[in-house]
Amino acid sequence: MQTQTDKEMGKVFATLTIINRADQIRAEDGTILPEQIRSIILKNVLVDTGATTLCLPKDAIAKLGLKLLKEVDVATAMGIGKARIFQDAKISMFEREGTFECLELPGGGDALLGVIPLESLGLEIDLQKQILKPLPISPTETYLTIL
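Everything quoted here is computed from the prediction, not taken from an experiment.

**Q** Explain the pattern of salt bridges residue by residue, including any values.
**A** Enumeration according to the criterion identifies eight salt bridges in this entry. Two residues, Asp23 and Arg26, come together in a salt bridge whose shortest N-O distance is 2.4 Å. One end of the pair, Asp23, and the other, Arg26, are both in helix H1 (residues 21–28), three residues apart, so they sit about a helical turn from each other. Judged by its relative accessible area of 30%, Arg26 falls in the partly exposed class. A salt bridge links Arg38 to Asp23; the shortest N-O distance between them is 2.7 Å.

Below, the structure written as C-alpha cells:
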C-alpha cells in the first residue's frame, strides 16, 4: 500500500496574464492608445521553485515587445550558458500584480514561474492539491513582513 509520501508529487501549473508595463506607462501618459498595450495570456505555465525568476520563450517576449536589459550567465541542466534578461513584464494573477524581469528561455521551451515573482506576489504552492494559492493579506493576517 502506498502512503502519501510514497506517491510522486505532481507538477503545479498556472495561467498568467503578462502585460508590457512600458506600454502601459505610455498609454497612461497618452503616448499610445490603451488598446495598443501588448499583453498575452499564457496557460499551463509551470510553477518551478528551481527557477529564480519568470522565464519566457522567445515568441512570448516578441509578442509582448519587451526591452532587452542585459545578457547573463545562467545555470541550466546542460551546464552554464548565456541567456538574455528582458524588463517590464507585469504579471497579473489572483488580483495581484507585480512587474518583473524575465529570462528568455534558451531554445524556446514552456514558460516558468520562479521563486522571485512567487514570493513577491505572495503565492504558495500546495503540492498535495497541485495548486497555486495566494497567501493572506488582510488587516488581521498578512504574508508581508518588515521585521
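**Q** Could you give me a rundown of the side chain of Thr53, with the residues and numbers involved?
**A** Its location among the elements puts Thr53 in the loop between strand E2 (39–47) and strand E3 (54–56). Only 3.2 Å separates the side chain of Thr53 from the backbone oxygen of Glu101, close enough to count as a polar contact. Beyond its immediate sequence surroundings of up to four residues, Thr53 is in contact with Glu101, Leu103, Leu112, Leu113, Gly114 and Pro117.

**Q** Give me the lowdown on H1, citing residues and values where you can.
**A** Within H1, burial applies to Ala22, Asp23, Gln24 and Ala27. Contacts from the buried residues of H1 go to strand E1 (13–20), helix H2 (58–64) and strand E5 (79–93). Two residues or fewer past H1, Gly30 is found with a positive phi of approximately 85°.

**Q** Account for the pairing of strand E8 (residues 123–126), naming residues and giving values.
**A** Across four bridges, E8 lies against strand E9 (residues 131–134) in antiparallel orientation. In the strand pairing of E9, Asp126 is matched with Ile131. Linking E8 to E9, which pair antiparallel, is a turn of four residues; within it Gln130 sits at a positive phi near 55°.

**Q** Go over unusual backbone geometry, please, and point to the residues and values.
**A** Working note: non-glycine residues mostly have negative phi, and peptide bonds are mostly trans. For Asp88, which is not glycine, the phi dihedral falls at a positive 70°. Within the secondary structure, Asp88 is located in strand E5. Since its relative accessible area comes to 26%, Asp88 is described here as partly exposed.

**Q** Requested: an account of the confidence of the model for the chain, with residues and values cited.
**A** For the chain, per-residue confidence averages 87 on the pLDDT scale, and residues scoring 70 or more make up 90% of the total. Element-level mean pLDDT values for the chain span from 90 in strand E4 (residues 67–76) up to 97 in H1. Ignoring residues within four places in sequence, the model shows residues 1–8, a span with pLDDT below 50, making four contacts including any to other chains.

**Q** So what's going on with the pairing of E5? Which residues, and what values?
**A** Side-chain positions along a regular strand alternate between the two faces of the sheet. Judged from the four bridges that link them, E1 and E5 form a sheet pairing that is antiparallel. Considered in E5, the bridge of Ile18 is made with Ile91. Across nine bridges, the pairing between E4 and E5 is antiparallel. Bridging from a neighbouring strand, Val72 pairs with Ala83 of E5. Where E4 hands over to E5, the hairpin turn is made up of two residues, counted between the paired strands. From the end of E5 to the start of strand E6 (residues 96–104), which pair antiparallel, there are two residues, and Phe94 there has a positive phi angle of about 50°.

The rules behind these values
One numbering rule holds for all chains: residues counted from 1, following each sequence as written. Reporting of local features is limited, given that this is a predicted model, to residues whose pLDDT is at least 70; pairs of side-chain atoms are given and counted only at 80 or more, and all residues count toward the totals for whole chains, interfaces and linings. Neither water nor hydrogens contribute to the side-chain values; these are computed over all heavy atoms in the structure. Any carboxyl oxygen of Asp or Glu within 4 Å of a side-chain nitrogen of Lys or Arg constitutes a salt bridge here. A helix here means a DSSP run of H or I that spans at least four residues, while a strand means a run of E at least two residues long, and both kinds are numbered starting from the N terminus. A 1.4 Å probe rolled over the protein chains alone gives each residue an accessible area, and that area as a share of the maximum for its type sets the label: buried under 20%, exposed over 50%, partly exposed in between. Distance and chemistry together define a polar contact, namely a pair of N or O atoms within 3.5 Å, with one atom able to donate a hydrogen and the other to accept it when in protein, and with adjacent residues in sequence counting only for side-chain atoms on both sides. Throughout, a contact is declared for two residues whenever any of their heavy atoms are within 4.5 Å. Here, a strand pair is defined by DSSP locating no fewer than two bridges between the strands. Known as pLDDT, the predictor's confidence for each residue is given on a scale from 0 to 100.

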